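# Architecture and fold: a report
Each chain, letter by letter, is given below.
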Amino acid sequence: MTADGIVGEFLALKSETDADLLAMQCGDFYEFFAEDAEFVGDELDLKVSEKSSHGSTYPMAGVPVDDLTPYLKALVERGYRVAVADQYETDDGHAREITRVVTPGTLLETTDPSAQFLASVVAVDGRYGLALADVTTGEFLVTTTESAADVLAELHRFDPVEVLPGPTVRDEETDLLARVRERTDAAVTDHDEAAFAPGRAERTLREQFGDAALDSVGLDHRAGVAAAGAVLAYVEETGVGVLDAMTRLQAYDPGDHLDLDATTQRNLELTETMHGDRGGSLLATVDHTVTSAGRRRLREWLTRPRRDRTVIDRRLDSVGALSEAALARDRVREVLDDAYDLERLAAKATSGSADAADLLRVRDTLSVLPALAEAVADSRLAESPLPGIVNRPDREAAADLRTELDEALADDPPKTVTEGGLLRRGYDPELDDLLDRYEGAREWLDGLADREKARTGITHLQVDRNKTDGYYVQVGKSETDDVPDEYREIKTLKNSRRYTTDELEEREREILRLEEARGELEYDLFRELRDRVAARAELLQEVGRTLAAVDALASLATHAVSQDWTRPDVVEPGPLVVEAGRHPVVETTTDFVPNDVSLREDRRFLLVTGPNMSGKSTYMRQAALIVLLAQAGSFVPARSATVGVVDGIYTRVGALDELAGGRSTFMVEMQELSNILHSATEESLVVLDEVGRGTATYDGISIAWATTEYVHNRIGCKCLFATHYHELTALADHLPRVENVHVAVAGDGDDGDDVTFLRTIEEGPTDRSYGVHVADLAGVPGPVVDRSRDVLDRLREERAIEARGAETGSDDETTQAVFDLSAGTMRTGADGGTAGDEPEASLPADIEAVLDELEAVNVEETPPVELLSKVQSWQRRLED
Ligand code: ADP
């Protein structure tokens, strides 16, 4: 399709960009044309009209210039990339140019306070480089790793909104990219391949951070350099204009943090539940932050707990002090309540999108720092790390900037930055002079009506201004004969006439000139001020991070106090010993029964048995979450807890839950198991729930059995293993560090009597499984439940069960075949298999006879002496 005129221009610009959509400024509107118009019409419910251009008509949809942002946001948040072409004046009319491409990872206008990461993944020489940038805060992280699983785990932690795969990752043999797509909602963008080339990437980084800074970061591998350089190049290319907010590149080692694979993060429901809800997650439960930056920090701590005791202990010291000092804690939170998101404001200042109100927010938030310093000077906090944290930013520089903003900005500035009224008197002599003259002219005008009334004797006289007439003198009809000669009439209304005079016109011109000059001067001054704020981006980020950290600590303390949590004793390395522990989320909605956990050197592997729904998963997750919370620097839900630092938590929980999530069960289950068995070390905590459940009994038991041996013998990590395979409990007798524990139950569920789940964990194995009872509770039809009990008993006692059949509609069931558990085969035959082929593994007739007699005996009604003699006779016959 060729087109001329405005649509032609649109299509030409569109062909220059690889963005999905183009919004092109046409005067006071941004317009979408052709297919783009139809698309946004559908997606955003915009009215689509027809535009005629050189003989053809095209769909057209537009939004007013000032309203573009929410539409952009809506499109970008749905994963589209939108190019924006602005119109600018030229000597002969105007021209248009694409000024930026808004993408999910470079959307500065977001109103969502969560972090918004743009990630890039590169593979170079067998290593992966991963860079993560949040353009809204300037945070910029980079790491390298050898394993694709690490990359996935990190992506899951940071939950990026957009991912840039490097060229090798794009066509890599492994399915990394497919898994990224499967596991995250991130938009995947194919960015210019050249930007990933290590040489070019390094140059980009050096330009941004300077040689010294880059060298001190110690980016030891080209993969990291390539990833970081590509992200920067992309940010620059989209024109979001926040490069100056990227003040530091932080290389991090995933090894500083607890290893949490993506599955574990989901299973433990750290930031959202298995169903994808934020409510009910660990984060939502413990979050009492008062600022959005604090909430981001808390999320980071929970998803990236530490491995080093120094940081953990420092946080615990602060949480401890804050939880004891109730008044000071309240004061800290009250002070923080006035803080805005400084990291975000810094990015807005550097991109030039901050308005006067934003700079006032910067000013007000800078004022929080001294108030916070005062609050943590409280005697009960003075010995804690808090004063040190609060004093880390350059308080003097912060105070200077605050003063500067205070002296510059008017208290209630207008939203538009070009119309004046932004700045205070006394800030700039030239502006003051303009304002003096402006006010002089205004005074003259304000007094004009009174002066003219006095001079002319006219009573109905007023001075006013409107758009079409400018300034005018208005005189009531009855007195128009009395107006002086120099009045020139400009308009007649029903009851009055409007006049002007040479002097009034002169004054009007002066006022307009002054207004314009004031607007321009103020805008210039404002931009200079904003640039000076932008130049302090690093300071603002530092202050912002400090406030966020204190907010997160105060939040942890608040939760600890409200739920009666206790400070864990973090040891390195060491056992996990929890007294009266609770599940941090379940305890808030249930009357929770506390439990002990003890994983020590001599019992590192606990086999957890108990009926379905008795609380096994909860118990194991509770143990994992207590470790995770402790290593995040939080108090924990327990009466007391000793937590040996672990290097990673790996879980494989509930095939059945996964089924609800629509993921194929057994293959996924085995992949996850495989990942755990490869990744876990002696220092890890492994939680396995019902491994092997997704397949047939023999398969399942075999896998569970072998896994237990492998984890115990080879890995030697701390492990909690819940199983419904009762057979496994025998392993505890043979593997020295394996112990059985079970969830206590009252009643045995036989014959329909009531099973009560006591939820307490006791030593030793359960004596049986209670699945049939749960089937009963769940309303499975009576005959099925009864028959299940029967089958279960027969399997236990005889290791064989007959298959019953009946003609449809008849209740008369007859035995069709017998399944022999020991042999694993079916015996078929006329009446259930006694006739026909005798399977090899069936018992000799003598033994069968003994068993038949044993079954027939009525224990209740046989006198003990007779019973004894029967038993003796059976024994004799068996010996024979
Ligand atoms: P299982 O893994 O044995 O099938 P779950 O751990 O899923 O059982 O627990 C079943 C139910 O019991 C859950 O709804 C859970 O909230 C509740 N529950 C588990 N442990 C406790 C406890 N210690 N106190 C109170 N309720 C509990």
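Residues numbered from 1 in each chain as written. Predicted model: local features only at pLDDT ≥ 70, side-chain atom pairs only at ≥ 80, totals over all residues. Heavy atoms only, no water.

## Describing the overall build of the protein
- Summing up its helical and strand segments, the protein has 30 helices and 30 strands in all.
- Compactness check: the protein gives a C-alpha radius of gyration of 38 Å against a globular reference of 29 Å for 880 residues, more than 25% above the reference.
- Dimensions of the protein, computed from the C-alpha atoms along their principal axes, are close to 145 × 75 × 65 Å.
- When each of the 880 residues of the protein is scored for burial, the buried share is 50%.
- When contacts within the protein are restricted to residue pairs at least 6 apart in sequence, those whose partners lie at least 24 apart make up 65%.
- If you sum the accessible surface of the protein, you get close to 40,900 Å²; carbon and sulfur atoms cover 46% of it. (Helix = DSSP H or I, 4+ residues; strand = E, 2+ residues; numbered from the N terminus. Rg over C-alpha atoms; globule rule 2.2 N^0.38 Å. Buried < 20%, exposed > 50% of the residue type's maximum accessible area, 1.4 Å probe, protein only. Contact = heavy atoms within 4.5 Å. Areas by Shrake-Rupley, 256 points an atom, 1.4 Å probe, with all protein chains shown as cover.)

## Quick word on the site of the ligand
- The full set close to the ligand counts 15 residues, and Val593, Met613, Lys616, Ser617 and Thr618 are the nearest of them.
- A distance of 2.7 Å is found between an oxygen atom of the ligand and a side-chain nitrogen or oxygen belonging to serine 617.
- About the coverage of the ligand: the protein hides 79% of its 560 Å² of free accessible area.
- A total of three residues in the shell around the ligand trace back to one element, the largest contributor, which is helix α23 (residues 616-632). (Near = heavy atom within 4 Å. Polar contact = N/O pair within 3.5 Å; in protein donor to acceptor, adjacent residues only side chain to side chain.)

## As for the UniProt feature "coiled-coil region" (unreviewed entry) in the protein
- Mapped onto this numbering, the UniProt entry annotates "coiled-coil region" (unreviewed entry) at residues 497-524.
- For residues 497-524, the helix share is 82%, the strand share is 14%, and the end-to-end C-alpha distance is 41 Å. (UniProt positions renumbered as here; feature names shortened; annotations may be inferred.)

## Quick notes on the packing of helix α13 (residues 309-324) against helix α22 (residues 537-562)
- Two elements in contact, α13 and α22, have axes separated by 8 Å at closest approach and are oriented at 55°. As judged from the angle between their axes, α13 and α22 are oblique. For α13 against α22, the interelement crossing comes out right-handed. Counting all contacts with α13, which are made through Arg315, Ser318, Val319, Leu322 and Ser323, the residues of α22 involved are Leu553, Ala554, Leu556, Ala557 and Val561.
- Split into classes, the residues belonging to the contact of α13 with α22 amount to seven nonpolar, two polar and one charged. (Axes fitted to C-alpha atoms, helices over the stretch in contact; angles between N-to-C directions. Parallel < 35°, antiparallel > 145°, perpendicular 65-115°, else oblique. Left-handed = near helix turned anticlockwise from the far one by under 90°. Nonpolar A, V, L, I, M, F, W, Y, C, P; charged D, E, K, R; others polar.)

## Let's talk about the pattern of salt bridges
- Summed over all chains, the structure comprises 53 salt bridges.
- In this structure, glutamate 404 and arginine 532 form a salt bridge, with 2.5 Å as the shortest nitrogen-oxygen distance. Separated by 128 residues along the polypeptide, glutamate 404 in helix α19 (residues 395-408) and arginine 532 in helix α21 (residues 502-535) bring together distant segments of the chain.
- For glutamate 404, a relative accessible area of 25% gives the class partly exposed.
- Overall, arginine 532 belongs to the partly exposed group, its relative accessible area being 34%. (Salt bridge = Lys/Arg side-chain N within 4 Å of Asp/Glu carboxyl O.)

## Some details on the nonpolar core
- Leu282, Val332, Leu381, Leu409, Ile649 and Leu720 are the most contacted members of the largest nonpolar core, which has 124 residues in total.
- Aside from chain neighbours lying at most four places away, what touches isoleucine 649 is Leu258, Asp259, Leu260, Asp261, Thr264, Leu268, Ala624, Val627, Leu628 and Leu685.
- Of all hydrophobic cores here, the second largest spans 33 residues; its members include Leu205, Val225, Ala230 and Val235. (Core = buried A, V, L, I, M, F, W, Y, C linked by side-chain atoms within 4.5 Å.)

## With respect to the sheet that holds strand β25 (residues 718-722)
- The seven strands are arranged β13-β23-β24-β25-β21-β26-β27 in an open sheet whose pairing can be described as mixed. Two strands lie at the open edges of the sheet, namely β13 (259-260) and β27 (756-763), each paired on one side alone.
- As paired elements, strand β23 (residues 648-652) and strand β24 (residues 685-689) share four bridges and run parallel to each other. Following the sheet pairing, tyrosine 650 is matched in β24 by valine 686. (Pairing = 2+ DSSP bridges.)

## Comments concerning the pairing of strand β2 (residues 29-33)
- Most of β2 sits inside the fold, with four of its five residues counted as buried.
- Here strand β1 (residues 21-26) pairs with β2 via three bridges, running antiparallel. Counterpart to cysteine 26 in the pairing with β2 is phenylalanine 29.
- With antiparallel pairing between neighbouring strands as the criterion, β1 and β2 make up a hairpin whose turn holds two residues, including glycine 27 at a positive phi of roughly 65°.
- Relative to strand β4 (residues 56-64), β2 is paired through five bridges, and the arrangement is antiparallel. Across the sheet, residue phenylalanine 32 finds its bridge partner in β4, namely alanine 61.

## Some words on the side chain of threonine 365
- Tracing the backbone through its elements, the reader meets threonine 365 in helix α16 (residues 356-376).
- Non-local contacts of threonine 365, meaning those with residues more than four positions away in its chain, are made with Ala339, Tyr340, Leu342 and Leu547.

## Let's talk about a negative patch on the surface
- A cluster of like negative charges, contributed by Glu35, Glu38, Asp42, Asp45 and Glu50, occupies part of the molecular surface.
- Per-element tally for the negative patch: the top contributor is helix α2 (residues 34-44), with three residues.
- Considering the arrangement of structural elements, one finds aspartate 45 in the loop between α2 and β3 (49-53). (Patch = residues over 30% accessible without salt bridge, like charges linked within 9 Å, V, L, I, M, F, W, Y side chains within 5 Å. Lys, Arg positive; Asp, Glu negative; His and termini not counted. Charge placed at Lys NZ, Arg CZ, Asp CG, Glu CD.)

## Focus: the side chain of threonine 136
- If you trace the backbone, threonine 136 turns up in the loop between β8 (127-134) and β9 (139-145).
- When sequence neighbours within four positions are dropped, the list of residues in contact with threonine 136 reads Leu107, Leu108, Thr110, Gln116, Glu343, Arg344 and Ala347.

## Observations concerning a nonpolar patch on the surface
- Among the surface-exposed residues, Ile847, Leu851, Leu854 and Leu878 lie close enough to one another that they form a single nonpolar patch of about 310 Å² accessible area.
- The element contributing the most residues to the nonpolar patch is helix α29 (residues 845-856), with three residues.
- Checked against the element boundaries, isoleucine 847 lands in helix α29.

## Topic: the state of the cysteines
- Scanning all chains against the criterion turns up zero disulfides.
- Cysteine 719 takes part in no disulfide bond, and the closest cysteine sulfur, belonging to cysteine 717, lies 5.4 Å away.
- Assessed through its relative accessible area of 0%, cysteine 719 is described here as buried. (Disulfide = S-S within 2.5 Å.)

## Side note on the sheet that holds β2
- Taken together, the six strands give an open sheet; going across it, the order is β3-β4-β2-β1-β5-β6, and neighbouring strands pair in mixed fashion. Single-partner strands in this sheet number two, and they are β3 and β6 (93-102). Within this sheet the neighbouring strands show an average axis-to-axis angle of 35°, counted without direction.
- The strands touched by helix α3 (residues 68-77) within the sheet are β1, β2, β4, β5 (82-90) and β6, with β5 carrying the most contacts at an inclination of about 150°.

## Digging into unusual backbone geometry
- In this structure, the amide linkage connecting glutamate 572 to the following residue, proline 573, adopts the cis form with an omega of -10°.
- The topology assignment puts proline 573 in the loop between β18 (569-571) and β19 (576-581).
- Although it is not a glycine, aspartate 45 adopts a positive phi angle of roughly 60°.
- Its relative accessible area of 71% is what places aspartate 45 among the exposed residues.

## Re the pairing of strand β20 (residues 595-599)
- Burial runs high along β20: four of the five residues are buried.
- When β19 meets β20, the two strands line up antiparallel, connected through four bridges. By the bridge assignment, glycine 581 is partnered in β20 with asparagine 595.

## Things to note about helix α20 (residues 429-456)
- End to end, α20 covers 40 Å across 28 residues, agreeing with the expected 40 Å (1.5 Å per residue, within 8%).
- If you look at α20, its biggest bend is around 40°, right at leucine 448.
- Buried within α20 we find Leu431, Asp432, Leu434, Leu435, Tyr438, Ala441, Trp444, Leu445, Leu448, Ala449, Glu452 and Thr456.
- Backbone nitrogen of glutamate 430 and a side-chain oxygen of the N-cap are separated by 3.2 Å at the start of α20; the cap is aspartate 428.
- Glycine 457 sits one or two positions beyond α20 and adopts a positive phi of about 80°. (Expected span 1.5 Å × (residues − 1). Bend = angle between axes of the 7 residues up to and from the residue.)

## Notes on the packing of aromatic side chains
- Scanning all chains against the criterion turns up seven aromatic pairs.
- When the ring of phenylalanine 117 is compared with that of phenylalanine 158, the centres are 5.2 Å apart and the planes differ by 80°; the resulting orientation is edge-to-face. Taken as a pair, phenylalanine 117 in the loop between β6 and β7 (118-124) and phenylalanine 158 in helix α4 (residues 148-158) lie far apart in primary sequence, 41 residues in all.
- On the basis of relative accessibility, which here comes to 7%, the residue phenylalanine 158 falls in the buried class.
- Aromatic rings pair up to connect Phe117, Phe158 and Tyr252 into one cluster.
- Over the face of the ring belonging to tyrosine 472 we find arginine 498, whose NZ or CZ atom lies 4.2 Å from the ring centre. (Phe/Tyr/Trp six-rings, centres within 6.5 Å; stacked < 30°, edge-to-face > 60°. Lys NZ or Arg CZ within 6 Å of the ring centre and 35° of its normal.)

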